[in-house]
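# Remarks on the overall topology
Single-letter residue listing:
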There are 2 protein chains.
Amino acid sequence: MSGGSPTRELAERIVRSEPLKEAKVAEAVRAAMLDWLASAMAAASDPGAAMLLSALGIGAEGRGAGASSILGFRYRASATDAALVNGYLSHALDYDDVHESVRGHPSAVLLSALLAEAEERGSSGAELIAAYAVGAETMCRLGLALGSRHYEAGWHSTSTLGTLGAAAACARLTGLDVEATIRALGLAATQSGGLRVHFGSAVKPLHAGMAARAGLFAARLAATGFAGAEEPLAGPIGFLSLFGGEGTSPERVVEAWGQPWQIVEPGLWFKPYPCCSAAHHAADAALAIRSESGFAAEKVVRAEVVFPPGGDAALVVREPKTGAEGRFSAEYVVAAALADGELGIDAFSDRPIRGDLARLAAKVSRRYDAELAPAPNAMPKGRFAVLTVELADGTTRTERVDCPRGSPGRPLSAEERIAKFSDASREFPAAWRELPDRISLLETIENLSDFIPDI
Amino acid sequence: MSGGSPTRELAERIVRSEPLKEAKVAEAVRAAMLDWLASAMAAASDPGAAMLLSALGIGAEGRGAGASSILGFRYRASATDAALVNGYLSHALDYDDVHESVRGHPSAVLLSALLAEAEERGSSGAELIAAYAVGAETMCRLGLALGSRHYEAGWHSTSTLGTLGAAAACARLTGLDVEATIRALGLAATQSGGLRVHFGSAVKPLHAGMAARAGLFAARLAATGFAGAEEPLAGPIGFLSLFGGEGTSPERVVEAWGQPWQIVEPGLWFKPYPCCSAAHHAADAALAIRSESGFAAEKVVRAEVVFPPGGDAALVVREPKTGAEGRFSAEYVVAAALADGELGIDAFSDRPIRGDLARLAAKVSRRYDAELAPAPNAMPKGRFAVLTVELADGTTRTERVDCPRGSPGRPLSAEERIAKFSDASREFPAAWRELPDRISLLETIENLSDFIPDI
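Note that the structure is predicted; figures quoted are calculated from it, not measured.

What counts, and where the lines are drawn
Residues numbered from 1 in each chain as written. Chains lettered and ligands numbered in written order. Predicted model: local features only at pLDDT ≥ 70, side-chain atom pairs only at ≥ 80, totals over all residues. Heavy atoms only, no water. Helix = DSSP H or I, 4+ residues; strand = E, 2+ residues; numbered from the N terminus. Buried < 20%, exposed > 50% of the residue type's maximum accessible area, 1.4 Å probe, protein only. Contact = heavy atoms within 4.5 Å. Areas by Shrake-Rupley, 256 points an atom, 1.4 Å probe, with all protein chains shown as cover. Lys, Arg positive; Asp, Glu negative; His and termini not counted. Charge placed at Lys NZ, Arg CZ, Asp CG, Glu CD. Buried area = accessible area lost by both parts, 1.4 Å probe. Salt bridge = Lys/Arg side-chain N within 4 Å of Asp/Glu carboxyl O. Polar contact = N/O pair within 3.5 Å; in protein donor to acceptor, adjacent residues only side chain to side chain. Domains from an automatic or database assignment. Pairing = 2+ DSSP bridges. Least-squares fit on C-alpha atoms with pLDDT ≥ 70 in both. Disulfide = S-S within 2.5 Å. Axes fitted to C-alpha atoms, helices over the stretch in contact; angles between N-to-C directions. Phe/Tyr/Trp six-rings, centres within 6.5 Å; stacked < 30°, edge-to-face > 60°. Expected span 1.5 Å × (residues − 1). Left-handed = near helix turned anticlockwise from the far one by under 90°. Nonpolar A, V, L, I, M, F, W, Y, C, P; charged D, E, K, R; others polar. Parallel < 35°, antiparallel > 145°, perpendicular 65-115°, else oblique.

### Notes on the overall build of chain A
Looking only at helices and strands, chain A has 19 helices and six strands in total. For chain A, the C-alpha atoms occupy an extent of roughly 70 × 50 × 40 Å along the three principal directions. Put simply, chain A has 455 residues, and 64% of those count as buried. Partitioning the contacts of chain A with sequence separation of at least 6, the portion at a separation of at least 24 is 76%. Accessible area of chain A: about 15700 Å², with a carbon and sulfur share of 48%. Of the charged side chains in chain A, 44 are positive and 56 negative, and the gap between their average positions amounts to 2 Å.

### Points about the interface of chain B and chain A
Every contact between the two is made by 48 residues of chain B and, on the other side, 48 residues of chain A. Both sides together, the interface formed by chain B and chain A hides about 3700 Å², and carbon and sulfur atoms give 73% of it. Per-residue buried area on chain B facing chain A is highest for Thr190, Phe226 and Ile237 of chain B; these three make up 19% of the total on that side. The interface formed by chain B and chain A contains zero salt bridges. Across the contact surface, chain B and chain A share ten residue pairs in polar contact (both at pLDDT 80 or more).

### Quick notes on the domain arrangement of chain A
Residues and elements named next belong to chain A. Structurally, chain A comprises domain 1 (6-271 + 416-450) and domain 2 (277-401). Between the C-alpha centres of domain 1 and domain 2 there is a distance of 30 Å. The partner domain 2 presents 16 residues to the 18 residues of domain 1 that form the contact. Both sides of the domain 1 and domain 2 interface together cover about 1400 Å² of buried area, and 66% of this is carbon and sulfur.

### Let's talk about the pairing of strand S3 (residues 300-307) of chain B
Residues and elements named next belong to chain B. Burial within S3 is extensive, with six of its eight residues counted as buried. Sheet topology note: the S3/strand S5 (residues 385-391) ladder contains six bridges and is antiparallel. Of the residues in S5, the one forming a bridge with Glu304 is Thr388. Relative to strand S4 (residues 364-368), S3 is paired through five bridges, and the arrangement is parallel. Bridging from a neighbouring strand, Val305 pairs with Arg366 of S4.

### A few points about the relation of the copies chain B and chain A
Note on the copies: chain B fits chain A at an RMSD of 0.0 Å, the axial shift is 0.0 Å, and the rotation between them is 180°. Expressed as a symmetry operation, the mapping of one chain copy onto the other fits a two-fold axis. Using C-alpha coordinates, one finds that chain B approaches the rotation axis most closely at Gly193 of chain B, a distance of 2.9 Å.

### A word on the state of the cysteines
Residues and elements named next belong to chain A. One pass over the full model with this rule turns up zero disulfides over all chains. With no disulfide of its own, Cys275 lies 7.2 Å from the sulfur of Cys276, the closest cysteine sulfur. Classification of Cys275 as buried rests on a relative accessible area of 0%.

### Some words on the sheet that holds strand S6 (residues 396-401) of chain B
Residues and elements named next belong to chain B. Read across the sheet, four strands follow the order S4-S3-S5-S6 without closing on themselves; strand pairing throughout is mixed. The open sheet is flanked by S4 and S6, the only strands paired with a single partner. With direction set aside, neighbouring strand axes in the sheet form an average angle of 20°. Each of S3, S5 and S6 is contacted by helix H13 (residues 280-293), which is oriented at about 140° to S6, the strand it contacts most. Here helix H15 (residues 330-340) sits on the sheet and contacts S3, S4 and S5; the angle it forms with S4, its principal contact strand, is near 125°.

### Details of the packing of aromatic side chains
Note on aromatic pairs: each is described by the distance of the centres and the angle between the planes. Residues and elements named next belong to chain B. Under the defined criterion, the tally for this structure stands at 21 aromatic pairs over all chains. Ring plane angle 20° and centroid distance 6.0 Å describe the contact between Phe73 and Tyr75, whose orientation is recorded as stacked. Residue classification places Phe73 among the buried residues on the basis of a relative accessible area of 18%. Given a relative accessible area of 15%, Tyr75 falls into the buried group. Here the aromatic rings of Phe428 and Trp432 are separated by 5.3 Å at their centres, their planes lie at 40°, and the arrangement is tilted.

### Section: helix H10 (residues 203-223) of chain A
All names here are of chain A. With 21 residues, H10 extends 30 Å from end C-alpha to end C-alpha; this agrees with the ideal 30 Å at 1.5 Å per step. Taken across its 21 residues, H10 has 20 buried, putting it largely inside the fold. Of the residues flanking the end of H10, it is Gly225, one or two places downstream, whose phi is positive at about 105°.

### Describing the packing of helix H8 (residues 157-173) of chain A against H10 of chain A
Residues and elements named next belong to chain A. Running from N to C, H8 and H10 point in directions that differ by 35°, and their axes come no closer than 7 Å. Note on packing geometry: the crossing formed by H8 with H10 is right-handed. Where H8 approaches H10, its residues Thr158, Ser159, Gly162, Thr163, Ala166, Ala167, Cys170 and Ala171 are matched on the opposing element by His207, Ala208, Met210, Ala211, Ala212, Ala214, Gly215, Leu216, Ala218 and Ala219. Its residues assigned to classes, the contact of H8 with H10 comprises twelve nonpolar, six polar and no charged.

### Quick look at the side chain of Glu119 of chain A
Residues and elements named next belong to chain A. Looking at where Glu119 falls in the secondary structure, it is placed in helix H5 (residues 106-121). We classify Glu119 as buried; its relative accessible area is 2%. At a separation of 2.5 Å, a polar atom in the side chain of Glu119 contacts the side chain of Ser69. Setting aside anything within four residues of it in sequence, one finds Glu119 in contact with Ala67, Ser68, Ser69, Arg76, Leu448, Ser449 and Ile452.

### Focus on the environment of Glu371 of chain A
Residue and element names in this part refer to chain A. Considering the arrangement of structural elements, one finds Glu371 in the loop between strand S4 (364-368) and strand S5 (385-391). Note on Glu371: relative accessible area 72%, which makes it exposed. Through-space distance from the C-alpha of Glu371 to that of Pro309 is 9.8 Å; in sequence the pair is 62 residues apart.

### A look at the environment of Pro205 of chain B
Residue and element names in this part refer to chain B. Looking at the element boundaries, Pro205 is found in helix H10 (residues 203-223). Assessed through its relative accessible area of 5%, Pro205 is described here as buried. If near-sequence neighbours (up to four positions away) are discounted, Pro205 is found in contact with Gly87, Tyr88, His91 and Ala92.

### Observations regarding the environment of Ala169 of chain B
Residue and element names in this part refer to chain B. Mapped onto the secondary structure, Ala169 falls in helix H8 (residues 157-173). Along the primary structure Ala169 and Ala40 are separated by 129 residues, whereas in three dimensions their C-alpha atoms are 20 Å apart. With near-sequence residues (within four places) excluded, Ala169 lies in contact with Leu110, Leu114, Ala131 and Gly135.

### Here we look at the sheet that holds S5 of chain A
Residues and elements named next belong to chain A. Read across the open sheet, the four strands follow the order S4-S3-S5-S6; overall the sheet is mixed. Strands with a single pairing partner mark the edges of an open sheet, and in this sheet they are S4 and strand S6 (396-401). Taking the axes of each pair of neighbouring strands and ignoring which way they run, one obtains an average angle of 20° across the sheet. Against the sheet, helix H13 (residues 280-293) contacts strand S3 (300-307), S5 and S6, and its axis sits at roughly 140° relative to S6. In the packing of helix H15 (residues 330-340) onto the sheet, contacts are made with S3, S4 and S5, and the angle to S4 comes to roughly 125°.

### A closer look at the pattern of salt bridges
Pairing of side chains with opposite charge becomes possible as their charged atoms draw close. One pass over the full model with this rule turns up 45 salt bridges over all chains. Arg76 of chain A is the salt-bridge partner of Glu119 of chain A, the closest N and O atoms lying 3.6 Å from each other. Taken together, the residues Glu119 of chain A in helix H5 and Arg76 of chain A in strand S2 (residues 76-77) connect sequence positions 43 residues apart. Judged by its relative accessible area of 11%, Arg76 of chain A falls in the buried class. One network of salt bridges, in which partners are shared, links Asp312, Arg318, Glu331 and Arg366 of chain B.

### Brief notes about the packing of H8 of chain A against helix H9 (residues 178-189) of chain A
All names here are of chain A. Contact geometry of H8 with H9 gives a least axis separation of 8 Å together with a crossing angle of 155°. The orientation of H8 relative to H9 falls into the category roughly antiparallel. Read as a crossing pair, H8 and H9 show a hand that is right-handed. Side by side, H8 and H9 meet where Thr163, Leu164, Ala167, Ala168 and Ala171 of the first sit next to Thr181, Ala184, Leu185, Ala188 and Ala189 of the second. The residue makeup of the contact of H8 with H9, split by class, is eight nonpolar, two polar and no charged.

In structure tokens, the structure reads:
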């Protein structure tokens, strides 16, 4: 197409494609924005947010140091600082959206970068929608090009792919040409990082903020003419080789670009529970068993979750000390769902976990089965959980989930998505609680500078 | 020592070791600071610096937005911005110091982070010296632990190791305890990045700034209590495994720590020429042949540089278009040295290279010889260049260099180091030209806030 440079071919698509021609794109971005705001607002009292603001010197003196909102706070800050903090906030509870091709979280990165830049520049809603679509497409296609080895080796793909996705999105938002977009992608690739070893800690959501900030900065620096390698992605020491190893397919970076758009098909996954998506299959199974059987939690003798091999790679915690650590524990999620019949924000706070849940979690074990055939509608592909609960009376209950609630094959209803926002915005001023109305008109907003209300 | 956690063992040494007990440590840091300032000041008119300042919004409105100096400019900025820009400036000409164990550039990262933080906090000269020593030791020991695969795979070690080194240095400077230093190292590891594919462009020096900023921010965020994994460096998906692969030796992170200090032995390498250190052997050889033989450049029929296999990995440019690209071209460096008998700042500007140098560079070829025995004093270990020049009269000249000028085995004299600074500071105000006197008293300075003069 253009002499076989994967970076150039990608940049051409970022600059020239027309995502707004597909009505479902705007619909998906509106849904993403609602869910992203809910996820960030639910985290406003997260202790890590206060630490991050303190380290950045964003303090009680309030507004005025910049044009970009810190979600849920009364501060405005520079666009780079706002991107960092909002990326953290929106991923802090692991309540934000997921995409199978990323094996991670697109909106925490993309919308944190885009809204911060759009507020400062006064971009329009339509510009933001198009920029989101190409940014998410970049994240997803790079994820498909890198292959599964990338995540398995220890990279946090939300962060590594997000840096490039945010750069692509901001390049599009700010109208960079192809040459400048190539520069932005190179500057993003060289800032890419983030280690999965930090899963279960506040550094995981920090990665989303790091990626948002780095991508935004890459596009800004690229706009000045600051230039790196002509082909930063492909080649023996390029980004794809270094981050993906031998399983990498550079041709997949642009293969089927926008046909369909990745946010339309397979689509975004909006979470009903604020915990790791890899625990959602088991969570649904546990809630179903609890709801159908109505037993008391102390009657559970043991429970076992069967995963496909590697299906629980993100669930790095076995004996959580706090609810926050429990986000990444299959044992804790199953215990909390069986005991309480719900999985709300309170179950995953940074306080020590309840004694009864710790005792129940200790009865939950994991097993792997490579023989069980995954379902065609499984999300992510090939994944499932089979939960078996054995009760004191000797009976057992078994529930299998391949396609968890909220994922594209079993989407939340519009009412459920609004309810998630309403729950998160309960203690916010009226103008914030009305954000769903503003979002429903996103395409028609001429200037996003005042999109986020004052607090 | 502490239950076998490499990160904890490293943090304990960062916090508790006493580098000032060894007089040669302060001597090395003073030399490093002089050379670092010279390298940055020589780059004040670099076009990338103006682009970077513009992208950061650091503009003509001048001083006052922060406490930390931008070297060679009239601006003060936030410590994080100053660390980023000064890291860029001091590595922009590739004129700054090198360390064999890093396979990269310690001071561009460490001093850019440390001075920015020290100016804001008012740290003392003695505190800065101790912090530099433990930061450099961290960079070097991590480089030894990662092994050669790290660089060869495509990572820019100045940046990857520098992020952790700067975090260690800033942790020490700001008095973090062991637990907070563990947090800082984890926050640094997860920000680590930087691709060697960008060598030959302005992104290479940007990496030094990225690392300085990331390390400084890691220490600040760690100070607030923001916490990640307890063991971010070792383990199957830890930093060492991900960045070093199978050749990694976690035990080398603290092995022989401070015995001797790495900045004392093997010691820092201060460059006489503003180009890649991998070209310095051939540069010395070409200057020696030119000086002894005194021939005119047009008499050269062909020239050949013999390297050990991989000895020219950093010299990624074969046909440079500009002097700046020529920094990473063995062909251009040899041609410029043979033609002009010197290698000054002007030879490596961002202007197109001279026609006579392009023609001469086209006559220079590279060859590899795995059989030639390296010299015991080779720097880096195992490296050399053998240059053979064939003249029109049929005669040849051959010169071999194992230990280049400026490297620890053949150090620049104090006068030569002062001369490098004087050359770089020619057009600066008197107070800047007197910085060598201030540096000579570094241990006695109580407060570094006003160390860098106004312009």
